[in-house]
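The chain contents come next:
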There are 2 protein chains.
Amino acid sequence: MTIGLSRVAGAEEDISLDELRLAARNHGLPLEALRYDVTPEGLHYLLIHYDIPHVDADAWRLDVLGRRYSLDDLRALPAVTARVTLECAGNGRAKLHPRPVSQPWLDEAVGCAEWTGTPLAPLLADLPPDAVDVVFTGADHGVDRGVEQDYQRALPVAEALREDVLLVYAMNGRPLPPQHGYPLRLVVPGWYGMAHVKWLCSVTAQDHRFEGFQQAVAYRIKQEADEDGVPVTRILPKALLAPPGFPDFMTRRRFVRAGPVLLHGRAWCGFAPIAHVEVGVDGGWQEAKLDPPTDPHAWRRFEHVWDATPGDHELSVRATDAEGRTQPVDQPWNRQGMANNMAQRVPVTVRP
Amino acid sequence: MTIGLSRVAGAEEDISLDELRLAARNHGLPLEALRYDVTPEGLHYLLIHYDIPHVDADAWRLDVLGRRYSLDDLRALPAVTARVTLECAGNGRAKLHPRPVSQPWLDEAVGCAEWTGTPLAPLLADLPPDAVDVVFTGADHGVDRGVEQDYQRALPVAEALREDVLLVYAMNGRPLPPQHGYPLRLVVPGWYGMAHVKWLCSVTAQDHRFEGFQQAVAYRIKQEADEDGVPVTRILPKALLAPPGFPDFMTRRRFVRAGPVLLHGRAWCGFAPIAHVEVGVDGGWQEAKLDPPTDPHAWRRFEHVWDATPGDHELSVRATDAEGRTQPVDQPWNRQGMANNMAQRVPVTVRP
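Every chain begins its residue count from 1, and numbering advances along the sequence as written. Key to labels: chains lettered from A, ligands numbered from 1, both in the order written. Under the rules for a predicted model, residues below a pLDDT of 70 receive no local features and side-chain atom pairs below 80 are neither given nor counted, while totals for whole chains, interfaces and linings still include all residues. Water and hydrogen atoms were dropped before computing side-chain values, which therefore reflect all heavy atoms in the structure.

Below, the discussion takes up the overall build of chain A. Secondary structure follows DSSP: runs of H or I at least 4 residues long count as helices, runs of E at least 2 residues long count as strands, and numbering of each begins at the N terminus. Scanning chain A for helices and strands turns up four helices and 24 strands. Our radius of gyration looks at C-alpha atoms and nothing else; its globule reference is 2.2 Å times the residue count to the power 0.38. For 352 residues, the compact-globule estimate of 2.2 N^0.38 gives 20 Å, and the C-alpha radius of gyration of chain A, at 21 Å, lies within 12% of that figure. The dimensions of chain A, computed from C-alpha atoms along their principal axes, are 65 × 45 × 35 Å. When accessible area is computed with a 1.4 Å probe and restricted to protein chains, residues below 20% of their type maximum are described as buried, those above 50% as exposed, and intermediate ones as partly exposed. When burial is assessed residue by residue, chain A has 62% of its 352 residues classed as buried. Within chain A, contacts between residues separated by at least 24 positions form 73% of all contacts whose residues are at least 6 apart in sequence. Surface accessibility of chain A: about 13,100 Å² in total, with carbon and sulfur atoms responsible for 52%. Contacts are assigned to residue pairs that have any heavy atoms within 4.5 Å of one another. Exposure was quantified through the Shrake-Rupley algorithm and a 1.4 Å probe, taking into account, for residues, occlusion by the shown protein chains and nothing else.

Next comes the structure, spelled out in structure tokens:
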């Protein structure tokens, strides 16, 4: 196959109509919605590569290693509900310089829902002993950089067999909405969004590494167009602040009144639990107070009281996980804008 | 008050980060979702001027002409469910030349939900005889062009007293989600979205025209910055096609196979019923087949079989209402990009 290159915007190039078209159909979490422990479905971020496929759930079957399951078959299996924070691997991409041209996320490609489904591992009991990768195929179909494809991603066998990997048919207690993968999606807690295959149709195994487009080409961290790069896997630590006060419509600049301001937000990480979160005011960092942890793969709430003094300020926030990973203040660049976790910045005007 | 001017982009100016920030938090209807008679809530377009306010529904009261109603009070009144198509008055703005700088919609700021609530008119029985405008105030608060404000819009008394104007507490059979105005919003069938005030707090009457920012400044059709212009009211006729085939991820160009292709979509108008819809292929127009009308303010489905021949084509669609209003192929320009209903264009590559 001939694969077109990913494009990097010119140094002074603003957002293109192509990027705008993606931003208008996909969408992020409006950051004030960080107030919810569980994100309402219509506020959860969405990244849909092609179109939302129309799947007739009655006729639909999931093929797992050649065995076929109806939705009722899957619902009859043991059910698990887990709160899992999902984040798009391209989150933050539009803040890089130069900017990789793709879905132009700023900070907001995240959400935390309550997913209900059945563990995948028991359905993989017949996995061949020489299996290397488990491949997941969705019903969504399109072209990317010249390659026509069904959306496909793989997990190494050890990851696919984790007991917390789920075949999910409900979100926040209701059937999956069309845009989140109806009738069935994969949820791989801790991994960036590209792993959580939606509109899932089949699960197969193979004795060699899966080299499909979304695995070998798209979700890679690399500096040069022609290098293989490193695959994107788990979510790096990140914290986001619910911007305080009220906004200007166009610039989204925030306005607050001087005095104590309760800042709050959420922090998450796919490698290790969040250990601490710092809130920065004009570059000086202070420890935030963390709420008790809840589900192992759900985000953790933090808060911090800021004594706001009149004038223009820049708030910031950064998380550190239990293994010492901290968010960078200046983001290392990569060509496709993957796994960015640069600390958020929120400009605020404080009025007397 | 000193009001900043609305800005118009330079002729060659691409989308700015401010516009992108708006596009990432608001969102349109992914056009493949035109297949649904009733838009699922998370796919319905959203335009939120400031932040989604957090409203405690137990403590919340609606003040109507000095009388206070709890949510239970309103639910105890006669309930009506109506299917109503809403469209943002700024839809299509980003396709104008030069481009007004604001929420940068292309085609997709539309949706059709099933709204349940109680008619407003009976609650206006005590309207003073000299009332001119009925003013609706939401809980959303922010700054626009230098003016700090609660979101407010007014209706002339005759419109406010229409029996189909509703105080709405449910969308598609469930309580309003936060982003659609929880716990209560106004629905004014036939009018562009700015009239359907969300997070509604109070309804007042006054004996003179309401001159608030969103009425007298923001939602106006005008050519020059310093003219008063004409207020935006009802929705002009429009049709949108569900783009056929499958897309390229980045450009959204469509690919279909040669032969008969079933094209379908929806058409709507706030002035008069849709009378006919034409589908254009490379500039030649053909009449589409309309499904029977449903609710008077819901969109109407159309379909047309296109005999697709190999090569690159441009599909188009335009609606005409029962009073002879037809969508323009070239959009008349206005400074704030309001009430645009230029015919949609969909580039398609047909493969042999």
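Now that the structure is up, let's keep going.
With that settled, the discussion passes to the interface of chain A and chain B. Counting from both sides, the interface comprises 59 residues of chain A and, opposite them, 59 residues of chain B. Summed over both sides, the interface between chain A and chain B buries roughly 5,200 Å², with carbon and sulfur atoms accounting for 60% of that surface. Among the residues chain A hides against chain B, the three largest losses belong to F249, M250 and R252 of chain A. Together they make up 14% of the total. Whenever a carboxyl oxygen of Asp or Glu lies within 4 Å of a side-chain nitrogen of Lys or Arg, that contact is scored as a salt bridge. Counting across the interface, chain A meets chain B through eight salt bridges. A salt bridge links R252 of chain B to D51 of chain A; the shortest N-O distance between them is 3.7 Å. Pairing of N or O atoms within 3.5 Å defines a polar contact, subject to two protein rules: one partner must be a possible hydrogen donor and the other a possible acceptor, and residues neighboring in sequence count only if both atoms are side-chain atoms. The interface formed by chain A and chain B contains 23 residue pairs in polar contact (both at pLDDT 80 or more). For the side of chain A that touches chain B, the secondary-structure elements that each account for two or more residues are α1 (17-25), β7 (133-144), β16 (246-247) and β17 (254-257) of chain A. Per element, the largest residue contribution to the side of chain A that touches chain B is nine residues, and it comes from α1 of chain A. Class assignment of the residues belonging to the side of chain A that touches chain B gives a composition of 27 nonpolar, 14 polar and 18 charged. Buried area counts how much accessible surface, traced with a 1.4 Å probe, disappears from two parts once they are put together, with both parts' losses summed. Put simply, Ala, Val, Leu, Ile, Met, Phe, Trp, Tyr, Cys and Pro go in the nonpolar bin, Asp, Glu, Lys and Arg in the charged bin, and everything else, Gly too, in the polar bin.

It is worth spelling out the sheet that holds strand β7 (residues 133-144) of chain B at this point. Hydrogen bonds between backbone groups are what pair the strands of a sheet, and the pairing can be parallel or antiparallel. Residues and elements named next belong to chain B. Criterion used throughout: strands pair if DSSP finds at least two bridges between them. Spatial ordering of the open sheet is given by β3-β2-β12-β7-β8, a layout of five strands whose pairing is mixed. Of all the strands in the sheet, just β3 (67-69) and β8 (147-156) have a single pairing partner and so form its edges. Direction aside, neighbouring strands of the sheet carry axes that sit 30° apart on average. Between the N-to-C directions of two axes lies an angle of 0 to 180 degrees, each axis being a line fitted to C-alpha atoms and, for a helix, fitted only over the stretch in contact.

Time to look at the UniProt feature "domain: Moybdenum cofactor oxidoreductase dimerisation" (unreviewed entry) in chain A. UniProt positions are given in the numbering used here, feature names are shortened, and annotations may be inferred rather than shown by experiment. Mapped onto this numbering, the UniProt entry annotates "domain: Moybdenum cofactor oxidoreductase dimerisation" (unreviewed entry) at residues 259-350 of chain A. Taken end to end, residues 259-350 of chain A comprises 0% helix and 55% strand; its first and last C-alpha atoms sit 9 Å apart.

Further remarks concern the pairing of strand β9 (residues 166-171) of chain A. As a general feature of sheets, a regular strand has side chains that alternate between the two faces. Residue and element names in this part refer to chain A. Across the six residues that make up β9, a large majority, six, are buried. For strand β6 (residues 110-119) and β9, the ladder comprises five bridges, and the chain directions are antiparallel. Of the residues in β9, the one forming a bridge with T118 is L167. Looking at chain direction, β9 and strand β10 (residues 174-175) are connected through two bridges and run antiparallel. What sits directly across from A170, in β10, is P175. With antiparallel pairing between neighbouring strands as the criterion, β9 and β10 make up a hairpin whose turn holds two residues, including N172 at a positive phi of roughly 50°.

Bringing the relation of the copies chain A and chain B into the picture now. To superpose the copies, least squares is applied to the C-alpha atoms of every residue with a pLDDT of at least 70 in both. Rotating chain A by 180° about the axis while translating it 0.0 Å along that axis superimposes it on chain B, leaving an RMSD of 0.0 Å. Expressed as an axis order, the relation between the two copies is that of a two-fold axis. Closest to the rotation axis within chain A is the C-alpha of G42 of chain A, separated from it by 1.9 Å. Counting the interface residues of chain A, we find that 100% of their copies in chain B are interface residues as well, pointing to one common contact surface.

Right, let's talk about the sheet that holds β16 of chain A for a bit. Residues and elements named next belong to chain A. Taking strand neighbours across the sheet as the criterion, the six strands line up as β16-β17-β24-β23-β19-β20 in an open arrangement whose pairing is mixed. Both edges of this open sheet fall to β16 and β20 (284-287), since each of them pairs with a single strand only. Here two bridges tie β16 to β17, and the two strands are oriented antiparallel to one another. Its bridge partner lying in β17, F246 is registered against F255.

The subject of this paragraph is unusual backbone geometry. Residue and element names in this part refer to chain B. In this structure, P98 follows H97 across a cis peptide bond, with omega equal to -10°. Note that P98 resides in the loop between β4 (80-87) and β5 (100-101). The amide bond that connects Y182 to the next residue, P183, takes the cis arrangement and shows omega of 10°. Even without being glycine, R145 reaches a positive phi, approximately 45°. Here R145 is to be found in the loop between β7 and β8.

Let us now look at helix α1 (residues 17-25) of chain B. Every buried residue of α1 of chain B is accounted for by E19, L20, L22, A23, A24 and R25 of chain B. For α1 of chain B, the secondary structure elements touched by its buried residues are α1 of chain A together with β5 of chain B.

Moving on, we come to the pattern of salt bridges. Summed over all chains, the structure comprises 47 salt bridges over all chains. Here R25 of chain A makes a salt bridge to E32 of chain B, at a shortest N to O gap of 2.8 Å. Residue R25 of chain A is located in helix α1, and its partner E32 of chain B is located in the loop between α1 and β2 (62-64); the two belong to separate chains. You'll find R25 of chain A and E32 of chain B in the same group, each marked buried. For the salt bridge of R83 of chain A with E114 of chain A, the shortest nitrogen-to-oxygen distance reads 3.1 Å. One end of the pair, R83 of chain A, is in strand β4 (residues 80-87); the other, E114 of chain A, is in strand β6, and 31 residues separate them in sequence. By sharing partners, the salt bridges in this structure join E159, R162, D164 and R234 of chain A into a single network.

All names here are of chain B. Of note, S316 is situated in strand β23 (residues 311-321). For S316, the side chain forms a polar contact with the main-chain oxygen of Q344, separated by 2.8 Å. The residues touching S316, leaving out its near neighbours within four places in the chain, are E278, V279, G280, W285, A343, Q344 and R345.

Moving on to the packing of aromatic side chains. Residue and element names in this part refer to chain B. Between the rings of Phe, Tyr and Trp (Trp by its six-membered ring), a pair exists once the centres lie within 6.5 Å; its type follows the angle of the planes, with under 30 degrees stacked, over 60 edge-to-face, and the other angles tilted. Scanning the model with the defined rule gives six aromatic pairs over all chains in all. Put simply, a charge is over a ring when the Lys NZ or the Arg CZ is close to the ring centre, within 6 Å, and near the line of the ring normal, within 35 degrees. The aromatic ring of Y169 is capped on one face by R75, whose charged end is 5.5 Å from the ring centroid. Sitting over the ring of W285, R318 keeps its end group 3.9 Å from the ring centre.

With numbering aligned to this structure, UniProt lists the feature "domain: Oxidoreductase molybdopterin-binding" (unreviewed entry) at residues 49-213 of chain A. For residues 49-213 of chain A, the helix share is 6%, the strand share is 40%, and the end-to-end C-alpha distance is 12 Å.

Right, let's talk about the environment of C269 of chain B for a bit. Residue and element names in this part refer to chain B. With respect to the secondary-structure elements, C269 resides in the loop between β18 (259-268) and β19 (274-281). A relative accessible area of 14% means that C269 is categorised as buried. Separated by 68 residues in the primary sequence, C269 and G337 have C-alpha atoms spaced 18 Å apart. Excluding residues that lie within four positions of it along the chain, C269 makes contacts with I235, L236, P237, I274 and D321.

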